[in-house]
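An overview of the molecular structure
Here is how the chains run, residue by residue.
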Amino acid sequence: MKKILMLGTGGTIASEITESGLSPQLTTEQILHYCPDISAFCRVDCRQLCNLDSTNIDPQHWQMMADAIREEYDRYDGFVLTHGTDTMAYTAAALCYLIQYSKKPIVLTGSQKPINLEITDSKTNLVDAFHYAASEDAHGVSIVFNGRVILGTRARKTHSKSFQAFSSINYPELAVIQDGRLLSYIEQEYLDHPIFCERLDPNVGLIKLVPGLEADFLEFMLERKDGVVIESFGVGGIPTAGPKSYYDVIGSAVSAGKTVVMTTQVPNEGSDLLLYHVGNRLKTGLDVLEAYDMTTEAAVTKLMWILGQTKDRQEVERLFYRPVSHDILIKAGGK
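One structure accompanies this document, and this report is about it. (Residues numbered from 1 in each chain as written. Predicted model: local features only at pLDDT ≥ 70, side-chain atom pairs only at ≥ 80, totals over all residues. Heavy atoms only, no water.)

Let's shift gears to the pattern of salt bridges. Where charged atoms from two side chains of opposite charge approach closely, those side chains can pair. Inspection of the entire model under this criterion finds 21 salt bridges. The salt bridge partner of K2 is E136, with a shortest N-O separation of 3.3 Å. Taken together, the positions of K2 in strand β1 (residues 2-10) and E136 in the loop between α4 (122-133) and β8 (140-145) put the pair 134 residues apart, joining distant regions of the chain. Among the residues examined, E136 registers a relative accessible area of 61% and is labelled exposed. The partner of E72 in a salt bridge is R75, and the shortest N-O contact between them spans 2.6 Å. The class of E72 is buried, set by a relative accessible area of 14%. Overall, the relative accessible area of 47% leaves R75 in the partly exposed class. Linked by salt bridges that have partners in common, R47, E71, E72 and R75 make up one network. (Salt bridge = Lys/Arg side-chain N within 4 Å of Asp/Glu carboxyl O. Helix = DSSP H or I, 4+ residues; strand = E, 2+ residues; numbered from the N terminus. Buried < 20%, exposed > 50% of the residue type's maximum accessible area, 1.4 Å probe, protein only.)

So this is what it looks like as structure tokens:
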């Protein structure tokens, strides 16, 4: 049987009801106790990394998870991380950059209901995650949730309460799991020895444009961050009206060595800055990067990973457009 390491980080799956609402309380051993069937098809060891609501997970925790996997990588056939759903997509994307081309599966799962409730999705999700982690077809970082396997760089939480919490954005699901049976669609690329990265630059910001938002807000963030991802409207662009020019603010920041990435608030089909005047001038006149069909979660965490390695402008651009774990499918006319 495969030997799997279960890493606990908290989340709803580990939560109990308190006077102030759900709070992570259960350890990995206690969670595993609710799913005795797992012992029939794999051997499991447990390790508790933290016990947090995923709202409190930050880049330091991503590095801690990656370090724990690196320390134990040679001892286990796969890894299952229990994690809160709210920031799971960010963690999954970050781990794709911190642990690249892993031959062994690194599976994140969680639940919308605590495991100790009578009606819960946690038991099914946990058993499915171990089934996938024990499969010969599983490689790299993925999320297993509600019977679906989603690539780590392509996941997004799209439902706040439903059991079908996650969707795969601009990329097919890797597999489906039903009643313990795995149907794999896509096998991921892997190396015999994965590439572990030890540095992230957490000083990356995300700003979401809303109609009427003054450029001062972007200027304030750019002054304090090494890089900023801007979520624009539609296929992308910046407002051309207002007392202060977005174009000038971005131009000054780029000239000062800051990295600016343009993406879209629209989940599907990606950006295309060249299409409209509000984006064309930005793409052709300023040295900004375009996320195309990347998820926001992937764009943010990839920028953290890149800026943790280098601040050289040409190298930042090269790494950003280099696909990692199928995070970007560059469109015709792009770089």
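Still to come is the rest of the account.
This next bit is on the sheet that holds strand β18 (residues 289-290). Spatial ordering of the open sheet is given by β15-β16-β17-β18, a layout of 4 strands whose pairing is parallel. Among the strands making up the open sheet, the edge pair consists of β15 (204-208) and β18. Where β15 and strand β16 (residues 227-232) come together, 5 bridges link them in parallel fashion. Paired with G205 across the two strands is V228, which belongs to β16. Where helix α5 (residues 215-224) meets the sheet, it contacts β15, β16 and β17 (259-264), and its direction lies at approximately 170° from that of β15. (Pairing = 2+ DSSP bridges. Contact = heavy atoms within 4.5 Å. Axes fitted to C-alpha atoms, helices over the stretch in contact; angles between N-to-C directions.)

The subject of this paragraph is helix α7 (residues 277-285). Along α7, the residues that are buried comprise G279, L282 and K283. Summarising the axial view, the buried residues of α7 lie within an arc of 95°, below the 170-degree limit, and thus occupy one face. Away from the buried face of α7 by more than 90 degrees, exposed residues H277 and T284 are located. As for α7, its buried residues are in contact with α6 (246-255), β17 and β18. (Arc of directions from axis to C-beta.)

Now for the pairing of strand β12 (residues 175-178). Burial along β12 is one-sided: the face carrying A175 and I177 is buried and the face carrying V176 and Q178 is not. Sheet analysis places strand β9 (residues 148-151) next to β12, joined by 2 bridges and oriented antiparallel. Paired with V149 across the two strands is A175, which belongs to β12. Strand direction decides the pairing type here: β12 and strand β13 (residues 181-184), joined by 4 bridges, are antiparallel. Note that in β13 the partner of Q178 across the bridge is R181. Once β12 ends, the chain turns through 2 residues before running back antiparallel as β13, passing D179 with a positive phi of about 50°.

Looking now at the sheet that holds β1. Backbone hydrogen bonds hold the strands of a sheet together, and the pairing may be parallel or antiparallel. On the basis of which strands lie adjacent, the open sheet formed by 8 strands has the order β4-β1-β5-β7-β8-β9-β12-β13 and mixed pairing. A strand with exactly one partner marks an edge of an open sheet, and here the two such strands are β4 (42-52) and β13. This sheet shows a mean twist of 25° between the axes of neighbouring strands, independent of strand direction. Two strands pair when backbone bridges link them, and strand β5 (residues 78-82) and strand β7 (residues 105-109) are joined in this way by 4 bridges, in the parallel orientation. Looking across to β7, one finds that T82 is bridged to T109. This element, helix α2 (residues 59-72), spans β1, β4, β5 and β7 of the sheet and lies at about 155° to β4.

The next subject is the pairing of β9. Along a regular strand, successive side chains alternate from one face of the sheet to the other. Note: β8 against β9, 4 bridges, orientation antiparallel. Residue pairing in the sheet places I143 in a bridge with I150 of β9. Hairpin connection, β8 to β9: the antiparallel pair is bridged by 2 residues, and N146 has positive phi, about 55°.

This part takes up the side chain of S168. By the secondary structure assignment, S168 is in strand β11 (residues 166-168). Classification of S168 as buried rests on a relative accessible area of 17%. Only 2.6 Å separates the side chain of S168 from the backbone oxygen of Y171, close enough to count as a polar contact. (Polar contact = N/O pair within 3.5 Å; in protein donor to acceptor, adjacent residues only side chain to side chain.)

A word on the packing of aromatic side chains. Each aromatic ring pair is specified by the distance between its two centres and by the angle formed by the two planes. Tallied over the full model, the rule gives 7 aromatic pairs. Consider the rings of F320 and Y321, whose centres lie 5.6 Å apart with planes at 80°: the pair is edge-to-face. Relative accessible area serves as the criterion here: at 0%, F320 is assigned to the buried category. The structure contains a cluster of three or more aromatic residues connected by ring pairs, namely Y73, Y76, F79 and F196. Positioned over the ring face of Y247 is R281, at 3.6 Å from the centre of the ring. For the cation-ring pair, K302 lies above F320, with the distance from its terminal atom to the ring centre recorded as 5.7 Å. (Phe/Tyr/Trp six-rings, centres within 6.5 Å; stacked < 30°, edge-to-face > 60°. Lys NZ or Arg CZ within 6 Å of the ring centre and 35° of its normal.)

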